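Each chain, letter by letter, is given below.
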Amino acid sequence: MLKNKTALVTGSTSGIGLGIAKALARQGANIVLNGFGDVEGARAQVAALGVEVFYHGADMSRPAEIEDMMRAAADRFGRVDVLVNNAGIQHVAPVEDFPPERWDAIIAINLSSAFHTTRLALPAMKAANWGRIINVASVHGLVASAHKSAYVAAKHGLVGLTKVVALETATTGVTCNAICPGWVLTPLVQKQVDAKAAALGVSNEEATRLLLGEKEPSMQFTTPEELGELAVFFCSPAANNVRGVAWNMDGGWAAQ
Ligand code: NAD
């Protein structure tokens, strides 16, 4: 379905971003990877699906590096057809103890980076009259949890940005939508499981059960593979008129 198209996924060396990159690659899209950590492992997993892979190590907190990445992606593949804004970080603390530099980093990486990639990708998408912008927000783009001020603010902001871009592209072949996962067992969440296990003096299994039990009625993690399939749907012709939605995959979290 995505043969001869290019998908750029920010924060795709791990977790959800890597899952979405692989799902889009299975549809034939060439992939621009981004993120830190095990770059070669991610590159090998995507290349094994038979598509071309290009990596750019832009730090999503730095607009000049984002500009360089978008230019490099266009130089390499001609255009970015599918943009997935996925890079994100978390910090958990009460507002009065929240380090201001962590606030700034979360707003920059989880929200402002999507503004920069979107403004840079849109002209070519509009010229081609086809494009897909998929913002990986969170159930925290719809509801709040204590001690996550920056994350909840950034994700609500990302859902707002999604709606504005959807309106500005509504008469074109470009769509913009958000995905709102509940808990997904990635390194970002394992840190929160570890913190709970340490704070309560319980096992990893018990901490996991408590974490799910607080918020997620299904008592199940959503997987990067399931989120990848939702991204594929947003790219499909059936989703041509799906615009500005914030689609939960949260085991019933926001239904409560
Ligand atoms: P993860 O830690 O496994 O992956 C995060 C990715 O972002 C990695 O590739 C990392 O290298 C990259 N990254 C971090 N800082 C970066 C920076 N400054 N510049 C470029 N890349 C950077 O986390 P994940 O759980 O896969 O999270 C991916 C997205 O999904 C995030 O936006 C997160 O908020 C969102 N999300 C996660 C969950 C969950 O339960 N895991 C739930 C809802 C939403």
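Residues numbered from 1 in each chain as written. Predicted model: local features only at pLDDT ≥ 70, side-chain atom pairs only at ≥ 80, totals over all residues.

Q: What's the story with the overall build of the protein chain in this structure? I'm lost.
A: The helix and strand tally for the protein chain stands at 8 helices and 7 strands. Computed over C-alpha atoms, the radius of gyration of the protein chain comes to 18 Å, within 12% of the 18 Å expected from 2.2 N^0.38 for 256 residues, which places it in the range of a compact globule. By its C-alpha atoms, the protein chain is 55 × 35 × 35 Å across when sized along the principal axes. The buried share of the protein chain, reckoned over its 256 residues, is 43%. If you take every contact in the protein chain between residues at least 6 apart in sequence, the share linking residues at least 24 apart comes to 70%. (Helix = DSSP H or I, 4+ residues; strand = E, 2+ residues; numbered from the N terminus. Rg over C-alpha atoms; globule rule 2.2 N^0.38 Å. Buried ≥ 20, exposed ≤ 12 C-beta atoms within 10 Å, placed from the backbone. Contact = placed C-beta atoms within 7 Å.)

Q: Even after reading the chapter, I still don't get the site of the ligand, so can you show me in this structure?
A: The local shell around the ligand holds 29 residues, among which G11, G15, G35, G88 and T186 are the closest. Elements with a minimum of two residues in the shell around the ligand: helix 1 (15-26), helix 4 (100-128) and helix 6 (187-200). Classifying every residue of the shell around the ligand gives 13 nonpolar, 15 polar and 1 charged. Domain assignment of the residues forming the shell around the ligand places at least three in each of domain 1 (6-182 + 223-249) and domain 2 (185-221). (Near = placed C-beta within 6 Å. Nonpolar A, V, L, I, M, F, W, Y, C, P; charged D, E, K, R; others polar. Domains from an automatic or database assignment.)

Q: Looking at this structure, how should I read the pairing of strand 4 (residues 82-85)?
A: Side-chain positions along a regular strand alternate between the two faces of the sheet. Neither face of strand 4 is left uncovered, since the one carrying V82 and V84 and the one carrying L83 and N85 both have all their residues buried. Pairing of strand 4 with strand 5 (residues 131-136) involves 4 bridges; the strand directions are parallel. Bridging from a neighbouring strand, V84 pairs with I134 of strand 5. Each parallel crossover has a hand, and for strand 4 linked through helix 4 to strand 5 it is right-handed. (Pairing = 2+ DSSP bridges. Right-handed = clockwise from strand over helix to strand, strands pointing away.)

Q: It is not clear to me how unusual backbone geometry should be interpreted in this structure. Could you clarify?
A: The phi angle of most residues is negative, glycine excepted, and most peptide bonds adopt the trans form. The phi dihedral of H147 is positive, around 75°, even though this residue is not glycine. Positionally, H147 belongs in the loop between strand 5 and helix 5 (149-168). Phi is positive for M219, close to 55°, though the residue is something other than glycine. Here M219 shows up in the loop between helix 7 (204-215) and helix 8 (224-235). Judged by local crowding, M219 falls into the exposed class, with 12 C-beta atoms found within 10 Å.

Q: Is there a simple way to think about the UniProt feature "domain: Ketoreductase" (unreviewed entry) in the protein chain in this case?
A: The UniProt record marks residues 5-173 with the feature "domain: Ketoreductase" (unreviewed entry), using the residue numbering of this structure. End C-alpha to end C-alpha, residues 5-173 measures 14 Å, and it is 50% helix and 14% strand. (UniProt positions renumbered as here; feature names shortened; annotations may be inferred.)

Q: How should I be thinking about the nonpolar core in this particular structure?
A: It is characteristic of soluble globular proteins that their nonpolar side chains tend to be buried jointly. Counting residues in hydrophobic clusters, the biggest one holds 63 residues, and the most contacted among them are A7, I20, A21, L24, I31, V84 and A231. Look past the residues within four positions of A21 in its chain and what remains in contact with it is V9, S12, I31, L33 and V46. (Core = buried A, V, L, I, M, F, W, Y, C linked by C-beta atoms within 7 Å.)

Q: It is not clear to me how the sheet that holds strand 3 (residues 53-56) should be interpreted in this structure. Could you clarify?
A: The strand order across the open sheet formed by 7 strands is 3-2-1-4-5-6-7, and the pairing between neighbours is parallel. The sheet is open, and its two edges are formed by strand 3 and strand 7 (246-249), each paired on a single side. If you compare each strand with its neighbour and ignore which way they point, the axes differ by 20° on average. With 4 bridges joining them, strand 1 (residues 6-9) and strand 2 (residues 30-34) adopt parallel strand pairing. When the bridges of strand 2 are listed, V9 appears paired with L33. Along the sheet, helix 2 (residues 39-47) makes contact with strand 2 and strand 3, crossing strand 3 at roughly 160°. Of the strands in this sheet, strand 5, strand 6 (174-181) and strand 7 touch helix 5, which is tilted by about 160° from strand 6. (Axes fitted to C-alpha atoms, helices over the stretch in contact; angles between N-to-C directions.)

Q: Just checking my understanding: could you explain the domain arrangement of the protein chain for this structure?
A: Frequently, the measure chosen for interface size is the accessible area removed from exposure when the parts meet. The assigned domain composition of the protein chain is domain 1 (6-182 + 223-249) and domain 2 (185-221). Taking the mean C-alpha position of each, domain 1 and domain 2 sit 25 Å from one another. Counting residues at the interface gives 7 residues for domain 1, matched by 7 residues for domain 2. In terms of residue class, the side of domain 1 that touches domain 2 is made up of 2 nonpolar, 5 polar and no charged.

Q: How should the pairing of strand 3 be read in this particular structure?
A: Bridge count between strand 2 and strand 3: 4 bridges; the pairing is parallel. Bridging from a neighbouring strand, N34 pairs with H56 of strand 3.

Q: Hey, could you run me through helix 5 in this one?
A: Along an α-helix, a turn takes 3.6 residues, which lines up residues three or four apart on a common side. Compared with an ideal rise of 1.5 Å per residue, which puts 20 residues at 28 Å, helix 5 spans 29 Å between its outermost C-alpha atoms and is within 8% of the ideal. Its buried side turned inward, helix 5 meets helix 4, strand 5, strand 6 and strand 7. (Expected span 1.5 Å × (residues − 1).)

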